[in-house]
Amino acid sequence: MTFIPSARAYALAKPPRHRRVLATVGDWMRRHQRLIRGVQWGVVAVYAVLLIVPNLLPLPDRTAHVWNNITVFAQFVFWGVWWPGVLLSMLIFGRLWCGVLCPEGSLSEFASRHGRQRAIPRWVRWPGWPFAAFLLTTVYGQLVSVYQYPAPALLILGGSTVAAIGVGFLYGREKRVWCRYLCPVNGVFGLLSKLAPMHYAVDRQAWEDCPPESAAREAFNCAPLVPVRTMESCSACHMCGRCSGFRSAVHLEARAPNSEIVDVSGRTATIWDSALIIVGLLGTATAAFQWSSSPWFVTLKQFFARWLIEHDVIWPLETSAPWWLLTNYAGHNDVMTVLDGAVCLFYIGLMTTAITVAVALPLALSVRLAGPWRPKDFHHLSHALIPLAACGIILGLSATTVTLLRADGFDLTWLPQVRFAAIAGALAWSLWLAGHIAYRQSASWTRTALATTAFALATLAPVTAWVLMFWIW
Ligand code: SF4
Ligand code: SF4
């Protein structure tokens, strides 16, 4: 007797249409890797032009605009569109930017194809690099005014590209060792992509069931070294599509944007994630965006200047440094003295410490209210802060976009409402995630309510910092 499945049984067995569409997109990307590589080289060319050409021209004067000066245009593209846009894209497409468009990733992989192909040393594998590299580049970028001038942009972005090529040339075979371990934004992108509504899902059963000879025929190269068979999180995946359809087990799929943080982060979150979210994104990045508009910075500077004058130590008030150490553009009346640089570092350090303590203590209390103290639970709950941290860094970076658009006469009277909606939405999203994580940890509604209230206290410091920056100062 032949079994003929009923229409209903067939409909149930067949993946829903939206799943098939996304899987088809993934398969298309796998089949069109040459086209993707062509796009990558195109982006490399545009990136090189925008990074190098402004350094060959005089600095723009007050009459320069986005549409008539390549330096201002490059500034707008890099810091006004590219950076906030890439961060936003992480929340929508995961790390598609990394897999398809990033010039640094493509160059590093290219160098690795033709380089020494050595084993990856232990120092490269240190898991603290994403945190340390993000902190260092954020603070250094402020000291040299990376958002304002082309030379520091070339130094930081170009230096990072040279380092990516060097690491690619030395280590791995056709891999992106730089991306996996050392890229300063790898950690941030990995965190933000956890909220993406799509990912490459792996069906373990289908993977195991696939005959080895068929798997050998389909072999692919995962450049960022993701262990695809056991992949649960999409943090390390560059969404390049090369594994799509492998063993009939890997497919691009839609998912609930909260699913990874609620269901998976309990197993994958680490102390370095918590450090990057709390110290890096909520602390240092907020302080770095804020110091130049802060009256507290001015008060601190005046206090130290007075103290130095009283003690007859004048040189820190008069001495400047080369532009690659401290901002130094005398022709534009923009020079940081040693005192300015030291107070800037002090302010960022102080604010980072204050925000870190103000976030970490209520977060720890929240974990304790949900159940017994477990560091793993703390790191899991810190992932609930990702929407808030993402909102802060996107709004902070878009401040450069706003400055440039205002200078070009655009009417942005609607901006305060958009900022308010973004912060309120991110706050609600973080609270929602915290409530669900707390319920998982406690399995009690009372404990969940108490833990979520404590979590709400943890959000006060960063939200206050943004309110001060956007509405009060
Ligand atoms: S990890 Fe960094 S260098 Fe690598 S592709 Fe992503 S952004 Fe580019
Ligand atoms: S797991 Fe690797 S090969 Fe597959 S899409 Fe992600 S980065 Fe590409």
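These notes cover the structure that comes with them.

Cut-offs applied
Residues numbered from 1 in each chain as written. Chains lettered and ligands numbered in written order. Predicted model: local features only at pLDDT ≥ 70, side-chain atom pairs only at ≥ 80, totals over all residues. Heavy atoms only, no water. Helix = DSSP H or I, 4+ residues; strand = E, 2+ residues; numbered from the N terminus. Buried < 20%, exposed > 50% of the residue type's maximum accessible area, 1.4 Å probe, protein only. Contact = heavy atoms within 4.5 Å. Areas by Shrake-Rupley, 256 points an atom, 1.4 Å probe, with all protein chains shown as cover. Near = heavy atom within 4 Å. Nonpolar A, V, L, I, M, F, W, Y, C, P; charged D, E, K, R; others polar. Axes fitted to C-alpha atoms, helices over the stretch in contact; angles between N-to-C directions. Phe/Tyr/Trp six-rings, centres within 6.5 Å; stacked < 30°, edge-to-face > 60°. Lys NZ or Arg CZ within 6 Å of the ring centre and 35° of its normal.

Per the secondary structure count, the chain includes 22 helices and 4 strands. Here the chain holds 473 residues, and the buried ones make up 53% of them. Partitioning the intrachain contacts of the chain with sequence separation of at least 6 by distance along the chain shows that 81% fall at a separation of at least 24. Working note: accessible area of the chain is about 22,700 Å², and carbon and sulfur atoms make up 67% of it.

With that settled, consider the site of ligand 1. Neighbouring ligand 1 are Arg95, Cys98, Cys102, Glu104, Gly105, Arg176, Trp178, Cys179, Cys183, Val185, Phe189 and His238. Within the residue set of the shell around ligand 1, elements represented by two or more residues are helix H6 (103-114) and helix H9 (177-182). For the shell around ligand 1, a count of residues per class yields 7 nonpolar, 2 polar and 3 charged.

All right, on to the environment of threonine 268 then. Here threonine 268 is to be found in helix H13 (residues 259-268). It is 8.9 Å that separates the C-alpha atoms of threonine 268 and lysine 376, two residues lying 108 residues apart in sequence.

The next subject is the packing of helix H3 (residues 33-52) against helix H8 (residues 150-170). Where H3 meets H8, the axes come as close as 10 Å, and the angle between the chain directions of the two elements is 145 degrees. Residues Tyr47, Leu51 and Ile52 of H3 form the contact with H8, whose participating residues are Ala153, Leu154, Leu157, Gly158 and Thr161. Among the residues forming the contact of H3 with H8, the class breakdown is 6 nonpolar, 2 polar and no charged.

On inspection of all chains with the given rule, the structure shows 24 aromatic pairs. Ring geometry for phenylalanine 470 and tryptophan 471: centres 6.1 Å apart, planes at 85 degrees, overall edge-to-face. Taken together, the aromatic side chains of Tyr47, Phe78, Trp79, Trp82, Trp83, Trp97, Tyr147 and Phe189 make up a single cluster linked through ring pairs. The ring of tyrosine 181 carries the charged tip of arginine 180 above its face, separated from the ring centre by 5.7 Å.

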